[in-house]
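Notes for the structure review
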Amino acid sequence: MDSKNKTLTIAILVGGIIDDFTKTVCEGACSEAAACGVHVCVFPGKYLNRYLPDSKSLKYEYQNNIDFLLPTAESFDAIIGSTGSIGYYTDDSALPAFISRFKGIPFVQVASHLPDCSSVVYDNRNGILEGLEYSYAHGGRHFGMIGAGSGNCDTAERKETFMDFLKSKDIAFEDRMYTESTCSCNGECVAYDDYLNRYPEVDTIFCANDGTALELYQTLKRRNIVPGKDISVFGYDDTLAAARATPSLSSVWAEGDKLGKEAMDLAISIIGSGNIEHKRIETRFIKRDSVISGHEKNSNHDYNLGADEESWFGRIFYRYHAEYDRLEISQIHAHFHTLFTHISRIIAPHDEADEKDLLEKFYSLINDMLSLRITEFADVDNFLLFIEAAIEELNISIHSNICRTAFAKESRLLYCDIVESFNQQNGKWMSDYEQESRNLQFFAQGVMQFENGHDSNYASILQNITYLGFTDAALYILEQPIINFYDSKFAWPENIDKKAEMRGGNVRSVPDVKQKKKTHSIWSTGLDAPQVAFPLYSNEVVYGFIVCGLIPAVYKIGEFFSTQISSAVKMIDLLRTNERNQLRLDALSKQDGLTDIFNRRGFYNAAENIRISCKRRNRPYMIIFADMNNLKLVNDQFGHEEGDFALKKISNVLSGCILPDGIAGRIGGDEFACIVPDFENDDDKRIIDAITQKLAEFNCTKQKPYLITISAGTSVFYPQCDLSISDALSQVDERMYEVKKLRKKEIDNRM
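Source: prediction; values computed, not measured.

1. Considerations on the overall build of the chain
The helix and strand inventory of the chain stands at 22 helices and 22 strands. Its C-alpha atoms give the chain a radius of gyration of 40 Å, clearly above 27 Å, the size a compact globule of 751 residues would have. The principal-axis extent of the C-alpha atoms belonging to the chain is close to 135 × 55 × 55 Å. Out of the 751 residues belonging to the chain, those deemed buried represent 51%. Within the chain, contacts between residues separated by at least 24 positions form 74% of all contacts whose residues are at least 6 apart in sequence. About 34,600 Å² of surface is accessible on the chain, with carbon and sulfur atoms providing 50% of the total.

Encoded structure:
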C-alpha cells in the first residue's frame, strides 16, 4: 500500500480477544497509534495448528483464523502480529510459514523472536529470577515449573531461566520438577494432579503464565493446599485476574501495553525502510499473597518507605498505562507525589508543635487520593501495604503522646475508610456487571427478532448491538456462503456485499446497487477510531465478517458477540433460502411441467390479478380459449412424444403472440387459455391471425408428418362485467366449440 500523503493503516493480528494479554497489547498499540495519527484494525483469530474435533465448544475454533487472511498489502502499510499467542500451541517452525503469508508488508512480531523478522519481546529473565530469588530467601528449596507448549519461544526462555536459577543454587534438576500445561477440552488440567503426586515436596511453583497458575489454583483447592500458606505460586503477565484472585496471585509484571506501544512505534519506523529491528521489554516481580513471606507483610525487609517514590507508585499503579483511560494519570501521579513527600516530611525531624497539623494533612491527602477513584485500578494489596508501612513509620516518628494516641485512633479509621472505598468499588463492579448482563440479554433477545430473510434485517442486527455500547459498525456478507473445513484452503472472494452500516449510532441499510465492495480494499476507508473485524461463521459455513469499533466491551464479550451475530446472519440466510425454495415450489406448483407455461392453477391466479387490475384502471381485457385439433390422432399414429411436441409448439406460439403483457396457460390436456389486458379494437382478430399464421408457417416446413392446428374462441370483457375468470372462461369455451364445429378433422395426407 502506498502510504505517501495518506494516513497509515496498520493491522494487529492476535490470538483471541478476551484475554488480558491481548487487551493490554492492543490498548498499548492503539494508544500509540492514536498519538501518531495511524488507523488500526484488530483481527482476532485463534491459534495455529490447534484442531479439537472431539470438543463440542472448540471444534470449529479454526474458523477464526480466516480473519488473518483479510489484511493484505492492498490496504495495510504494516502488520503487528501477536505471534507469541497465535503460535502458543505450536512450535516456532509454524511461525515462519504464517508470517510468509504477508510477504511485502512490514511485519512486527510480538512475544516471539524470529531473526529474519522485526520483533518486540519480553526480557523473561529479570522478573522470573526476582520471584524465584524471593522464594529462596524465604525458605523455598523445592522448586518446580509448569510451562506451556514446548516449542513456544517465551516458554523456552522462561524454562531456560528456571534452569539457570536452579544451577545458580546448586539444585540438581530432575524431570519431575517440570511439566507442561495439558488442558483437556473442558478446561480440566489433568496434568497438575499427576505433577503434585510425582513431586509432593514441591514448595514453590512458577507457572509460565497467569492462566496456568489460576488453573493450578483449582487443583490445589481440591487438595486443600493454600497458596501463600502451604506453597508458593506465581505466574507471568500480571493480569487483572491475578490481582483479583483469592488469594491474590503473585506474578511477573510484563507490560503488555508497553509491548504493544513499542510494536506500534517499530512498525511505523520500518515502513518503507526494509529494516529488521528487535526490542526487549523489562519485567519485574510483583509479590502478592500467593507467595510465602515467612514474616509480616509490612516488614522493613519486604516493603518499606525507604523504597523510592516511583517504585511504590509502580507497585500500586502498575496498570495505569493501559487501564486509566478515563482518569488523568498525571493528576493521580501528582497527588501521590504530594502524599509521599508529606509522609517523608513527617518522618524527618520536625517541630513537635506542628505534628497535629502535619497528621491532619496526611489524612486529608489520603482522602484526596480516594476521591480520584484510585481503587478502580490500583493494586489493593500493594496500596494497603503502602498505607501500613506509612502508618508504622509515622507512628515511630510522632513525638507527642497526645498525637500518637489520636493517630492510633485515626489510622484505624483511615484504614477502615480505605477498605470501605475498595468495597464500594467492588460494589460498583457488581452493579456494572449486572447492567452488562441485562444489556447482553437485551442484545441476545433482540438480535434474533426477524421473520424473513430480507436485507433490512442486517440493519436490525446493528441496531441491537447498541445495547452493548457500539456506535460504529458494518456488516459484510458473502454473496454465497462458503464451506470451510479445517484442512481446506480458504480464500476470501474478490468481492463482498456491504449489507448495513452504523455511524455514530445511526444505522442504515445499504442499497443493492451500492453493496458490492472489494474485500481487501474496505479498510482504507474505515473509521478513524480503532476497529476490530470478526469472521461470521456457523460450524463449517462462513457467511462474512463484521467490522466494529474496538470499544472496551470487545475484550469482555467479543467472542460471545461474534457468535451471536453469526447465529443471526445464519438465521437470515436460512430464512432467505427457505423463501427462495418456497418461491420455487410455488412457481413449480403453478407451472405446467411439459410446456413451461402456467398450469390451470397458475393461470387462474395470474389471470384473476389481471382482471382486478383492469377493473381498477377501467380497462377491458380479452380471453382466448384454444384447443389443439387432432391430438388423439397424433398420439395414436405417431406416439405421445409427437403429441407432446405439438403441445409445446402451440404453447410457444400462444405465448409469443400475446406479448408483452398477456399470459398463457395449459388448463387441460389439449386446452389452452390466454388473457390479454388493455384490449384495443381488433386485438382479437390480430392476435388470432398471428397465431394461425405462425402455426401455418411451421406446417409449411413439413418438419412433421402431421399438421399442428388449433380451434380458438375469444371474448372481450369490460370493467362493468363482474364475471370471475372461471365464468369468463366458460363463456369463451362455448365460443371455441362453435368454431370447432365448423372445422373438419384435419390431418396431413402424409399421415
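2. Concerning the packing of aromatic side chains
Aromatic ring pairs: the centre-centre distance and the angle between the two ring planes describe each pair. Going through the model one piece at a time under the given rule, you end up with 39 aromatic pairs. A connected cluster of aromatic rings, assembled from ring pairs, spans Phe43, Phe76, Tyr476, Phe490, Trp492, Trp523 and Phe545. Above the plane of the ring of Tyr136 lies Arg141, whose end atom (NZ or CZ) is 3.9 Å from the centre. The residue whose ring lies beneath Lys159 is Tyr178, and the NZ or CZ to ring-centre distance is 4.1 Å.

3. Regarding the nonpolar core
Membership of the largest hydrophobic core comes to 99 residues, with the highest contact counts inside it found for Ile461, Leu475, Phe561 and Ile565. Per-element tally for this core: the top contributor is helix H17 (residues 554-589), with nine residues. Beyond its immediate sequence surroundings of up to four residues, Ile565 is in contact with Phe443, Val447, Ile461, Ile465, Leu475, Leu536 and Ile546.

4. So, the packing of helix H15 (residues 401-446) against H17
Remark: H15 packs on H17, axes separated minimally by 11 Å, with the N-to-C direction vectors making an angle of 15°. Taken as axis vectors, H15 and H17 run roughly parallel relative to one another. For the element pair H15 and H17, the recorded crossing hand is right-handed. Contacts between H15 and H17 pair Glu436, Leu440, Phe443 and Ala444 from the former with Lys556, Ile557, Phe560, Phe561, Gln564 and Ile565 from the latter. Residues that form the contact of H15 with H17 fall into these classes: seven nonpolar, one polar and two charged.

5. Concerning the packing of helix H10 (residues 309-316) against helix H14 (residues 380-397)
In contact at an axis separation of 8 Å, H10 and H14 are set at 145° when each is read in the N-to-C sense. Contacts between H10 and H14 involve Trp312, Arg315 and Ile316 from the former and Asn382, Phe383, Leu385 and Phe386 from the latter. A class-by-class count of the residues in the contact of H10 with H14 yields five nonpolar, one polar and one charged.

6. Some words on the pairing of strand E18 (residues 541-549)
Burial runs high along E18: nine of the nine residues are buried. Judged from the seven bridges that link them, strand E13 (residues 473-483) and E18 form a sheet pairing that is antiparallel. Residue pairing for E18: Ala474 is matched across the bridge by Val547. As judged from the eight bridges shared by strand E17 (residues 531-538) and E18, these two strands associate in the antiparallel manner. The residue of E18 that forms the bridge with Tyr537 is Val542. Counting the residues that bridge the hairpin from E17 to E18 gives two residues, and of these Asn539 lies at a positive phi of roughly 55°.

7. So, helix H6 (residues 191-198)
Restricting attention to buried positions, one finds in H6 the residues Ala191, Tyr192, Tyr195 and Leu196. End-on view of H6: buried residues confined to an arc of 130°, all on one side of the axis. Elements in contact with the buried residues of H6: strand E6 (143-147), strand E7 (178-180), strand E8 (204-207) and helix H7 (210-222).

8. Quick notes on the pattern of salt bridges
Two side chains with opposite charge may pair up if their charged atoms get near one another. Applying the stated criterion across every chain yields a total of 34 salt bridges. Here Lys261 and Asp265 are joined by a salt bridge, their closest N and O atoms 3.3 Å apart. Here Lys261 pairs with Asp265, and both are found in helix H9 (residues 256-270), just four residues apart, close to one helical turn. Among the ionic pairs, Asp722 bridges to Lys615, the shortest N-O distance being 3.1 Å. Separated by 107 residues along the polypeptide, Asp722 in the loop between strand E22 (710-717) and helix H22 (725-741) and Lys615 in helix H18 (residues 600-616) bring together distant segments of the chain. Overall, the relative accessible area of 37% leaves Lys615 in the partly exposed class. Look at the salt bridges and you will find they share partners, linking Arg617, Arg619, Asp678 and Glu680 into a network.

9. Looking at the sheet that holds strand E21 (residues 671-677)
Taken together, the four strands give an open sheet; going across it, the order is E20-E21-E19-E22, and neighbouring strands pair in antiparallel fashion. The open sheet terminates on both sides in strands that have one partner only, identified here as strand E20 (663-666) and E22. Averaged over all adjacent pairs, the angle separating strand axes in this sheet is 15°, with direction ignored. Of the pairings in the sheet, the one linking strand E19 (residues 621-628) to E21 comprises seven bridges and is antiparallel in character. Across the sheet, the residue bridging to Ile623 is Ile675, located in E21.

10. Description of a negative patch on the surface
A contiguous patch of negative charge on the surface is contributed by Asp351, Glu352, Asp354, Asp357, Glu360 and Glu410. Note that Glu360 resides in helix H13 (residues 355-371).

11. Focus: the pairing of strand E15 (residues 506-509)
Every other side chain in a regular strand lies on the same face of the sheet, so the side chains alternate between the two faces. Across four bridges, the pairing between strand E14 (residues 495-503) and E15 is antiparallel. Bridge assignment links Glu501 to a residue of E15, and that residue is Arg508.

12. Notes on the environment of Thr338
As for its position among the elements, Thr338 is in helix H12 (residues 329-347). A sequence separation of 317 residues divides Thr338 from Phe21, and the C-alpha atoms of the two residues are 33 Å apart.

13. Section: the environment of Val541
If you trace the backbone, Val541 turns up in strand E18. Residue Val541 is classed as buried on the basis of its relative accessible area of 18%. The sequence separation of Val541 and Met628 amounts to 87 residues, and the corresponding C-alpha distance is 52 Å.

Definitions and cut-offs
Residues numbered from 1 in each chain as written. Predicted model: local features only at pLDDT ≥ 70, side-chain atom pairs only at ≥ 80, totals over all residues. Heavy atoms only, no water. Helix = DSSP H or I, 4+ residues; strand = E, 2+ residues; numbered from the N terminus. Rg over C-alpha atoms; globule rule 2.2 N^0.38 Å. Buried < 20%, exposed > 50% of the residue type's maximum accessible area, 1.4 Å probe, protein only. Contact = heavy atoms within 4.5 Å. Areas by Shrake-Rupley, 256 points an atom, 1.4 Å probe, with all protein chains shown as cover. Phe/Tyr/Trp six-rings, centres within 6.5 Å; stacked < 30°, edge-to-face > 60°. Lys NZ or Arg CZ within 6 Å of the ring centre and 35° of its normal. Core = buried A, V, L, I, M, F, W, Y, C linked by side-chain atoms within 4.5 Å. Axes fitted to C-alpha atoms, helices over the stretch in contact; angles between N-to-C directions. Parallel < 35°, antiparallel > 145°, perpendicular 65-115°, else oblique. Left-handed = near helix turned anticlockwise from the far one by under 90°. Nonpolar A, V, L, I, M, F, W, Y, C, P; charged D, E, K, R; others polar. Pairing = 2+ DSSP bridges. Arc of directions from axis to C-beta. Salt bridge = Lys/Arg side-chain N within 4 Å of Asp/Glu carboxyl O. Patch = residues over 30% accessible without salt bridge, like charges linked within 9 Å, V, L, I, M, F, W, Y side chains within 5 Å. Lys, Arg positive; Asp, Glu negative; His and termini not counted. Charge placed at Lys NZ, Arg CZ, Asp CG, Glu CD.

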